[in-house]
Amino acid sequence: MSDPLGRHGTISRVTSSLPGPLSAAVARLVQTLRPQVGPGTAAGFDEVLRRLSAPLQVAVAGRIKSGKSTLVNALIGRRVAPVGVGECTRLVTRFQYGTVDRIEVVGVDGSRRVLPFDADGMIPAELDVDIETVSHLEAYLTNDVLRELTVIDTPGLGSLDSASVARTEKLLDQVSQDAVAGAEAVLYVFTQTVRADDQETLRAFTAATAGRDAGPVNAIAVLNKADTIPPESVAGSDGDVWRAAAILAGKQAATLRPRVADVLPVIGLLAESAESGAFTSADADALHALAALDEASWQTMLMSADLFTTWECAVPQATRSRLLAKLDLYGIGRAVEAIHAEPGITAGALRRVLLDASGLADVRSKLDGVFRARADGIKAAAALASVTALAAGDPGERRRVHDAIEQLLGRPEAHQLRLLEALTLITANAVTMPEDLAEEVLRVGSSGSVPEQLGLVGRPPHELVAYALERAGWWRSFASFGATPAQSRVAHVVHRAYFLIWQQLRGAGGG
Ligand SMILES: Nc1nc2c(ncn2[C@@H]2O[C@H](COP(=O)(O)OP(=O)(O)OP(=O)(O)O)[C@@H](O)[C@H]2O)c(=O)[nH]1
Ligand SMILES: [Mg+2]
């Protein structure tokens, strides 16, 4: 059955483009409720419906100059987001799929004006209008990545000396909350050290975007600019930059979990240059010329960017500056190493080496695994949160929405949404649990694969069945004895999750 959560065809116009059955069920709920609410709430509902059928919206967030726009370009595979300086880096830009490439400047008054790309095909760094009158930019691109993800590039959050959530929210207010309000997932960009207040920023940002907290289901972080980490500063790195980055990323993940699913090291600059066509055969030729230098000169040049550009050598300084801007020292070093290992290497193969060195492939597969694969649940949960918020002002509407949602969540097929809700309560610390139990809830709630949910990957089916049943029983007794009322609500949800898993496994012939 293509529509497992309800009647066929009732909202086929909307469901045809929905990411899955949970979103379809929520869309149906919203449509059923729509005639029963006032015009203001109804308009909000229409927006929720529109968002449900749009691609998953991922905001790229982080501190100022952490490399967010560079990473956006790498992901889209085109240098289109302005990088470095210019007023457009202070604006929210939404990159979405469109059949004709275009940029629109959206005014705070809702007006829209088409803006031409600059000569390099990028969003111009400066607008010829008063920036105060601009809400955000919308870029439509014919691009396969954007068919399934809308990417929202955000201006960097400044340093928050007092870790004040209120200030962060104010900052976001200035840069148009509207444009990021639809974000359903977050890709958080860090550089070398997670400062204590970054956790606050993460919380503030997600609170101000989706109106929900970030968690392992809808947030991923990257440790960007991995190439700039001095490996000697990281114990266990053996002088290797990438190993140092992996170690730091692992530590950050431990600090940030469960607010993010994972922290992955990446070199956004290399990824951008390799993926966007910025790395040219002329660049490859210049690298070949550098590879021919004597070893002593070469080692000296690699010591700093200044030495690299000013040292006497046959390659013109302007060419060296260009390489530095595209690859930085680490990328240049890696490319020259590759040429030494294989003198006949082609420009295409060299680009491949740089792409592999960037770590982008892992980021992409994480995005796929965490966001795309779960877009249905993420979008449905975000929509329910929006609907609840929209109806909160009117007691009658609030009750009707609440009852309808309860009815929906009571159905076995929609239980995943209840689980996502429980997960959010725990990651946001709204309900505290002993650590091992919290871990278990996270495991059950943040994966779509039964063996992963049970923590029994690779085990035989009968073990899975027995374990699901045992844990179902355990959580039921915990819910009744020993749990606080808040814990008990979560425990009932977890109990039912195990029970449904057990039923599903038995149905599949596992027991
Ligand atoms: N070495 C190195 N430089 C990088 C990397 N990623 C980005 N950069 C550089 O960092 C600078 C800032 O990059 P942006 O992408 O503009 O950063 P941003 O976070 O979008 O900045 P704002 O939007 O102004 O907050 C640029 O000069 C990039 O070339 C990286 O992985 N390694
Ligand atoms: Mg930027």
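Here, the structure is the one placed above.
My aim in this report is to walk through the structure given alongside it, one point at a time. All values reported here derive from a predicted model rather than from experimental measurement.

## A short note on the site of ligand 1
Neighbouring ligand 1 are 20 residues, the closest being Lys65, Lys68, Thr70, Gly84 and Asp328. One of the backbone nitrogen or oxygen atoms of Ser66 is found 3.1 Å away from an oxygen atom of ligand 1. Here Leu269 contributes a backbone N or O atom positioned 3.2 Å from an oxygen atom of ligand 1. The fraction of the free accessible surface of ligand 1 (660 Å²) that becomes covered by protein chains is 88%. Listing elements by their share of the shell around ligand 1, those giving two or more residues are helix H4 (68–76) and helix H10 (268–275). Ranked by the residues each element gives to the shell around ligand 1, the list is headed by H4, at three residues.

## Concerning helix H2 (residues 21–33)
In this model H2 runs 18 Å from its N-terminal to its C-terminal C-alpha over 13 residues, within 8% of the 18 Å that 1.5 Å per residue would give. Among the 13 residues in H2, ten count as buried, and that is most of the element. Looking at H2, one finds that the buried residues are Leu22, Ser23, Ala24, Ala25, Val26, Ala27, Arg28, Leu29, Val30 and Leu33.

## Description of the nonpolar core
Within the largest apolar cluster, 148 residues are counted, with the highest numbers of intra-cluster contacts made by Phe95, Leu287 and Leu290. Considering every element that reaches this core, the biggest residue donor is helix H14 (residues 317–341), with ten residues.

## Points about the sheet that holds strand E3 (residues 102–107)
Pairing in this open sheet of nine strands is mixed, and the strands run E4-E3-E5-E2-E6-E1-E7-E8-E9 from one edge to the other. Of all strands in the sheet, those bounded by a partner on one side alone are strand E4 (112–115) and strand E9 (263–265). Each adjacent strand pair in this sheet contributes to an overall mean axis angle of 25 degrees, direction not counted. For strand E2 (residues 93–97) and strand E6 (residues 149–153), the ladder comprises three bridges, and the chain directions are antiparallel. Across the sheet, Phe95 pairs through a bridge with Val151, a residue of E6. Lying over the sheet, helix H16 (residues 360–372) contacts strand E1 (56–62), strand E7 (185–190), strand E8 (219–223) and E9, oriented at roughly 170 degrees with respect to E8.

## Overview of the packing of aromatic side chains
The final tally for this structure, using the stated rule, is six aromatic pairs. Aromatic pair Trp474 and Trp475: ring centres 5.3 Å apart, planes at 75 degrees, arrangement edge-to-face. Relative to Trp502, the ring of Phe499 lies with its centre 5.8 Å away and its plane at 35 degrees, an arrangement referred to as tilted. Highlighted residues: Phe499 and Trp502, both in helix H23 (residues 485–507), separated by three residues, approximately one helical turn. The partly exposed category is assigned to Phe499, whose relative accessible area is 29%. For Trp502, a relative accessible area of 18% gives the class buried. Among the aromatic residues, those joined into a ring-pair cluster are Trp474, Trp475 and Phe478. A cation over an aromatic ring shows up here: Arg102 above the ring of Tyr140, its NZ or CZ 4.1 Å from the ring centre.

What counts as what
- Residues numbered from 1 in each chain as written.
- Chains lettered and ligands numbered in written order.
- Predicted model: local features only at pLDDT ≥ 70, side-chain atom pairs only at ≥ 80, totals over all residues.
- Heavy atoms only, no water.
- Near = heavy atom within 4 Å.
- Polar contact = N/O pair within 3.5 Å; in protein donor to acceptor, adjacent residues only side chain to side chain.
- Areas by Shrake-Rupley, 256 points an atom, 1.4 Å probe, with all protein chains shown as cover.
- Helix = DSSP H or I, 4+ residues; strand = E, 2+ residues; numbered from the N terminus.
- Expected span 1.5 Å × (residues − 1).
- Buried < 20%, exposed > 50% of the residue type's maximum accessible area, 1.4 Å probe, protein only.
- Core = buried A, V, L, I, M, F, W, Y, C linked by side-chain atoms within 4.5 Å.
- Pairing = 2+ DSSP bridges.
- Axes fitted to C-alpha atoms, helices over the stretch in contact; angles between N-to-C directions.
- Contact = heavy atoms within 4.5 Å.
- Phe/Tyr/Trp six-rings, centres within 6.5 Å; stacked < 30°, edge-to-face > 60°.
- Lys NZ or Arg CZ within 6 Å of the ring centre and 35° of its normal.

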